[in-house]
Amino acid sequence: MANGFTDEDDALLAELGIEVETKKAAARTPREERIIAGFEDIQRFVAKNGHTPQHGEDRDIFERLYAVRLDRLRAQADCRALLEPLDDQGLMAGVEQSLADPDDDISDEELLEQLGVDTAANDITELRHVRSAADKRAAEEIANRERCEDFDRYKPLLDAAQADIDSGARITQSIRKDAGFLKTDIRAGEFFILGGQVAYVAEVGDAFKAPNGESDARLRVIYSNGTESNLLLRSLQRALYKDESSRSLSEPNAGPLFASENEADDLASGTIYVLRSQSDNPIVTANRNLVHKIGVTGGDVAKRVANARLDPTFLLDEVEIVATYKLFNISRTKLENLIHRIFDPARLDIEIKDRFGSPVVPREWFLVPLFVIDDAVERIKDGTITEYIYDPAMALLIRQNESPPV
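Residues numbered from 1 in each chain as written. Predicted model: local features only at pLDDT ≥ 70, side-chain atom pairs only at ≥ 80, totals over all residues. Heavy atoms only, no water.

In this section: the overall build of the chain. The helix and strand inventory of the chain stands at 12 helices and 17 strands. Every one of the 406 residues in the chain was classed for burial, and the buried ones make up 40%. Across the chain, contacts joining residues at least 24 apart in sequence account for 61% of those joining residues at least 6 apart. On the chain, roughly 23600 Å² of surface is accessible, and the fraction owed to carbon and sulfur atoms is 47%. (Helix = DSSP H or I, 4+ residues; strand = E, 2+ residues; numbered from the N terminus. Buried < 20%, exposed > 50% of the residue type's maximum accessible area, 1.4 Å probe, protein only. Contact = heavy atoms within 4.5 Å. Areas by Shrake-Rupley, 256 points an atom, 1.4 Å probe, with all protein chains shown as cover.)

Written out as structure tokens, the structure is:
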């Protein structure tokens, strides 16, 4: 086989009177075998990763080792002569790095020591769990959480934040990159939801330049389960972006709840809309100027009602938008429930048939004058709405436990 022919080929040539010259492969020295084996490791790396091994602390330890090895092989003429016939990837054509003592026949263990890896307890073949700088950064993002020794100091703040969420005094908003809202800065005193826990940024250390040139800082973050972590600001940002359920908490009652213009830091939540039906239902016809649908939407109101005549919610007929109120920094669902609860005594009791003849009872229509809805919105704005109830007989909002005006 050393001549490149099979045994059958040799027999056929012999019958034809052709003498087959057998060339014996030159024996390689142990050093050459070791060089070839090391070069084949590099070739496999390139085939798998699509690029030559690179230097850098952010690289895997094996890639760094292969990068140093390749530089040394390129720097030695005898290695180039040995490997060029085997080099089908053009690796030996690269420019070698400037290395001290390039002629040294250095071992993998010595290379690892130069790279700062302790090989006293580990053979090179056992280095399967050496973390790269990227791995260390990933671990930093998670950060070891420890028991917060002074949690009693922060528990009231975290409990109050949770209560604000439950009451609607604070709204939460997704801060993942694909949600379109990026948290570009993190300040002391801010609250987040991360990993199912309310997180409070208790301290922000002095800013410093990270290796990538960005500004960074060390944080002290307290979690509602009584733990804390001292992770980096950028690490917290990355953790928030990666957590699909992460949220940012607004300030309680921050900014105008309703306005024609919002401040830059306000978190838009949606719109209260008031509709008037064009239905020819006898109840609606008899009370056209009093029957109003009151709802809250996060989208465009016109689009919301575009197909009203096909939707039982809108009484299967066209509607007129008679009022809208833009809102900020408040929970849409909680607000809608609040409005409906206030006007519940005047809820319209009406049943209609859907397109299939099935009975439907819409729940968002009320017998309320428009000026009373305006009054309710104003009292929501100034925070006094919980002191009032709606009196259908007087068609007015009156204070609870207070006799209606005569």
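Now that the structure has been shown, we can carry on.
Taken as a whole and assessed by the stated rule, the structure comprises five aromatic pairs. Each ring, one from phenylalanine 45 and one from tyrosine 66, has its centre 5.9 Å from the other, and the planes form 65°; the classification is edge-to-face. Taken together, the positions of phenylalanine 45 in helix α2 (residues 30–49) and tyrosine 66 in helix α3 (residues 61–75) put the pair 21 residues apart, joining distant regions of the chain. Taken as a pair, phenylalanine 45 and tyrosine 66 share a single burial class, namely buried. Look at phenylalanine 191 and tyrosine 200: their rings are 4.8 Å apart centre to centre, the planes differ by 40°, and that puts the pair in the tilted class. Judged by its relative accessible area of 13%, tyrosine 200 is buried. An aromatic cluster of three or more residues is present, and its members are Tyr154, Phe191 and Tyr200. The side chain of arginine 145 reaches across the aromatic face of tyrosine 223, ending 3.6 Å from its centre. (Phe/Tyr/Trp six-rings, centres within 6.5 Å; stacked < 30°, edge-to-face > 60°. Lys NZ or Arg CZ within 6 Å of the ring centre and 35° of its normal.)

Here we take up α3. For an α-helix, the turn length of 3.6 residues means that residues three or four places apart are oriented alike. In a regular helix each residue adds 1.5 Å, so 15 residues correspond to 21 Å; α3 covers 21 Å between its end C-alpha atoms and thus fits that length. Of all the 15 residues making up α3, 14 are buried; the element is thus mostly covered by neighbouring parts of the structure. (Expected span 1.5 Å × (residues − 1).)

Ranked by internal contacts, the top residues of the largest apolar core, which has 24 residues, are Ile272, Phe343, Val368, Tyr390 and Leu397. Among the elements of the structure, β10 (268–277), β11 (291–297), β12 (319–328), α11 (332–342), α12 (370–381) and β16 (388–391) are those that each provide at least two residues to this core. Every residue in contact with phenylalanine 343, bar those within four places of it in the chain, is listed here: Ile294, Phe366, Val368, Val372, Ile373, Ala376, Tyr390 and Leu397. (Core = buried A, V, L, I, M, F, W, Y, C linked by side-chain atoms within 4.5 Å.)

Moving on: the pattern of salt bridges. Overall, the coordinates contain 15 salt bridges when judged by the stated rule. Here arginine 220 makes a salt bridge to glutamate 203, at a shortest N to O gap of 3.8 Å. Of this pair, arginine 220 sits in strand β7 (residues 219–223) while glutamate 203 sits in strand β4 (residues 197–204), placing them 17 residues apart in sequence. On the basis of relative accessible area, arginine 220 is assigned to the buried category, the value being 12%. A salt bridge links lysine 293 to glutamate 364; the shortest N-O distance between them is 2.4 Å. (Salt bridge = Lys/Arg side-chain N within 4 Å of Asp/Glu carboxyl O.)

The strand order across the open sheet built from seven strands is β1-β8-β7-β4-β3-β9-β2, with neighbouring strands paired in antiparallel fashion. Here the strands that pair on one side only, and so sit at the sheet edges, are β1 (146–147) and β2 (172–174). Note: β2 against strand β9 (residues 247–249), three bridges, orientation antiparallel. Following the sheet pairing, threonine 172 is matched in β9 by leucine 249. (Pairing = 2+ DSSP bridges.)

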